[in-house]
Amino acid sequence: MSALHEGTRLMDVIGVCSVLLGDRPVATEDPAELQVPPGSTLEFLPPFAGG
């Protein structure tokens, strides 16, 4: 993905985002065990000011 956006800060931004798989946060999941079923929704939520 980063190769498609060279020269941007995309990976920096993604690095500080909260990630949701459907409505479930995945921060505490083991990346080796995490499965993303076809048709699932992944959301990357950047930190918001004041919260």
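Up top is the structure.
So, a few notes on the structure that sits alongside this text. Within any chain, residue numbers begin from 1 and follow the written order of that chain's sequence. Only residues with pLDDT of at least 70 get local features here, since the model is predicted, and only at 80 or more are side-chain atom pairs given and counted; chain-wide, interface and lining totals rely on the full set of residues. To obtain the side-chain values, all non-hydrogen atoms of the structure were included, while hydrogens and water were left out.

**Examining the overall build of the chain**
Working step 1: A count of helical and extended segments in the chain gives 1 helix and 3 strands.
Working step 2: Each helix is a run of DSSP H or I of at least 4 residues and each strand a run of E of at least 2, with the numbering of both proceeding from the N terminus. Start at the N end of the chain and walk to the C end: the helices and strands fall as α-β-β-β.
Working step 3: The dimensions of the chain, computed from C-alpha atoms along their principal axes, are 30 × 30 × 20 Å.
Working step 4: Accessibility here uses a 1.4 Å probe with only protein chains present; expressed as a share of the type maximum, an area under 20% marks a residue as buried, one over 50% as exposed, and anything in between as partly exposed. The buried share among the 51 residues of the chain stands at 10%.
Working step 5: Any two residues having at least one pair of non-hydrogen atoms within 4.5 Å are treated as being in contact. Taking as baseline every contact in the chain between residues at least 6 positions apart, the subset at least 24 positions apart corresponds to 35%.
Working step 6: All accessible areas in this document rest on Shrake-Rupley with a 1.4 Å probe, and a residue is counted as covered only by the protein chains that are shown. As displayed, the chain has an accessible area near 4,400 Å², and 57% of this comes from carbon and sulfur atoms.

**Some details on the sheet that holds strand β1 (residues 18–21)**
Working step 1: The criterion for strand pairing is that DSSP finds at least two bridges linking the strands in question. Strand order in the open sheet formed by 3 strands is β2-β1-β3, and the pairing between neighbours is antiparallel. Each edge of the open sheet carries a strand with a single partner, namely β2 (24–25) and β3 (42–45).

**So, the pattern of salt bridges**
Working step 1: Whenever Lys or Arg places a side-chain nitrogen within 4 Å of a carboxyl oxygen from Asp or Glu, that contact is recorded as a salt bridge. A complete count under the given rule lists 1 salt bridge for this structure.
Working step 2: The partner of R24 in a salt bridge is E29, with the nearest N and O atoms 3.3 Å apart.

**Some points on a nonpolar patch on the surface**
Working step 1: Together, V36, L42 and F44 give the surface a local cluster of nonpolar side chains, amounting to about 260 Å² of exposed area.
Working step 2: On the secondary structure map, L42 appears in strand β3. Put simply, a patch holds well-exposed residues, over 30% relative accessible area, that have no salt bridge, with like charges counted together within 9 Å and Val, Leu, Ile, Met, Phe, Trp or Tyr side chains within 5 Å.

**Side note on the pairing of β1**
Working step 1: The pairing of β1 with β3 spans 4 bridges and is classified as antiparallel. Looking at the pairing, L21 lines up with L42 of β3.

**Overview of the environment of G7**
Working step 1: Among the structural elements, G7 can be located in the segment before α1 (10–16).
Working step 2: For G7, a relative accessible area of 86% corresponds to the exposed category.
Working step 3: A C-alpha to C-alpha distance of 31 Å links G7 and E33, two positions 26 residues apart in sequence.

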